[in-house]
Amino acid sequence: MLWYIILAAVLVGGVYLGLLYPGKVQPDAMEKLRGRAYAHRGLHSLRNGVPENSLEAFDVAARHGYGIELDVRLSSDGEAVVFHDDSLARLCRVERRVCELTAEQLKKLRISGTSQFIPTLREALDTVGGRVPLMIELKTGRDGRRLCERVRELLADYPGAYCVVSFDPKALSWFKRHAPGVVRGQLATKMRGNAGNPVSRYMLENLYFNFLGRPQIVSYEQEFFSNANLKRCVTAFGAVACAWTVTDQNTFDNLTKIAPMIVFERFFPRTKYDNTVVMVRGRAVRPD
């Protein structure tokens, strides 16, 4: 009976590790990404006429030395455009979805009543020009494969540092198979109250879909950074932690001790910080 219990425990442990284990971190690929503050949707301020996910917000962030987090989804003609919401209602006062309009039609709209338009990913890349690292969130929608293909195509000759992140583990799986050299990040948060299959919600919340994309970065909402599996991915398996979205200096300072990448908005943290990690007996340790 004891051997059956031991065998069952080994099997359960093997399945657990197989689901949770992240991808192998390549130090060279992470060097320009880690130890950075990333401006959430660019360094935006409507008071100054600079809306989120606009070329001006990206340029301002780059000029200040901040990394940039931005959102990408598909237009109706298959172009990768930079916009967070599925609907245009909140920012453009248009009761249409982004995927229903072409990139040219989207460009004619103005964001939050400013002079800024909805840019393509190509325009965003040209604006940043490799000055600071990028965190590109894939909003996959109905055609995730097509979005992944277009994003990879646009990034192929980009000279700067970047990673792709997504709540959709299938998008990370696509990059793992078709562009394994691209650094991948799994986004997650506490999923209670969210719509969808409860099993899928539980697995997403606890990073059990890591087996699909084997992300090197685990990017978790800062309010729930105590998640046990997040900690295990970082401290036991060597994944790089990213916290989002921090809105005050005190939280930022506390998170720099455990998160080499932090997404922020509404204040001006320091652009870079030391978050050295060494491996001691196979475990990631941040020396004091």
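Scroll up for the structure.
Nothing here was measured: the structure is a model prediction, and the numbers come from that model. (Residues numbered from 1 in each chain as written. Predicted model: local features only at pLDDT ≥ 70, side-chain atom pairs only at ≥ 80, totals over all residues. Heavy atoms only, no water.)

### Notes on the packing of helix H6 (residues 121-128) against helix H7 (residues 144-155)
In step 1: Two elements in contact, H6 and H7, have axes whose closest approach is 10 Å; the angle formed by their N-to-C orientations is 30°. Comparing the axis directions of H6 and H7 gives the class roughly parallel. The two elements H6 and H7 meet at a crossing, and its hand is right-handed. On H7, the residues touching Leu121, Arg122 and Leu125 of H6 are Val151, Leu154 and Leu155.
In step 2: Class assignment of the residues belonging to the contact of H6 with H7 gives a composition of five nonpolar, no polar and one charged. (Axes fitted to C-alpha atoms, helices over the stretch in contact; angles between N-to-C directions. Helix = DSSP H or I, 4+ residues; strand = E, 2+ residues; numbered from the N terminus. Parallel < 35°, antiparallel > 145°, perpendicular 65-115°, else oblique. Left-handed = near helix turned anticlockwise from the far one by under 90°. Contact = heavy atoms within 4.5 Å. Nonpolar A, V, L, I, M, F, W, Y, C, P; charged D, E, K, R; others polar.)

### A look at unusual backbone geometry
In step 1: In this structure, the amide linkage connecting Trp244 to the following residue, Thr245, adopts the cis form with an omega of -25°.
In step 2: Note that Thr245 resides in strand S8 (residues 240-246).
In step 3: At Ser112, a position not held by glycine, the phi torsion is positive, near 55°.
In step 4: The topology assignment puts Ser112 in the loop between helix H5 (103-107) and H6.
In step 5: A relative accessible area of 28% means that Ser112 is categorised as partly exposed. (Buried < 20%, exposed > 50% of the residue type's maximum accessible area, 1.4 Å probe, protein only.)

### Examining the nonpolar core
In step 1: Grouped together as the largest cluster of nonpolar side chains are 57 residues, with contacts concentrated most on Leu70, Leu134, Leu138, Val151 and Phe175.
In step 2: With residues up to four places along the chain from it excluded, the contact list for Leu70 reads Asn53, Phe58, Val82, Leu121, Leu134, Met135, Ile136 and Glu137. (Core = buried A, V, L, I, M, F, W, Y, C linked by side-chain atoms within 4.5 Å.)

### Here we look at the packing of aromatic side chains
In step 1: If you walk through the whole model with that rule in mind, you get eleven aromatic pairs.
In step 2: Both rings, one in Tyr66 and one in Phe264, keep their centres 4.7 Å apart while their planes meet at 55°; by these two values the pair is tilted. Within this pair, whereas Tyr66 is found in the loop between helix H3 (55-64) and strand S2 (67-74), its partner Phe264 is found in strand S9 (residues 261-264), the two being separated by 198 residues in sequence.
In step 3: What makes Phe264 buried here is its relative accessible area of 1%. (Phe/Tyr/Trp six-rings, centres within 6.5 Å; stacked < 30°, edge-to-face > 60°.)

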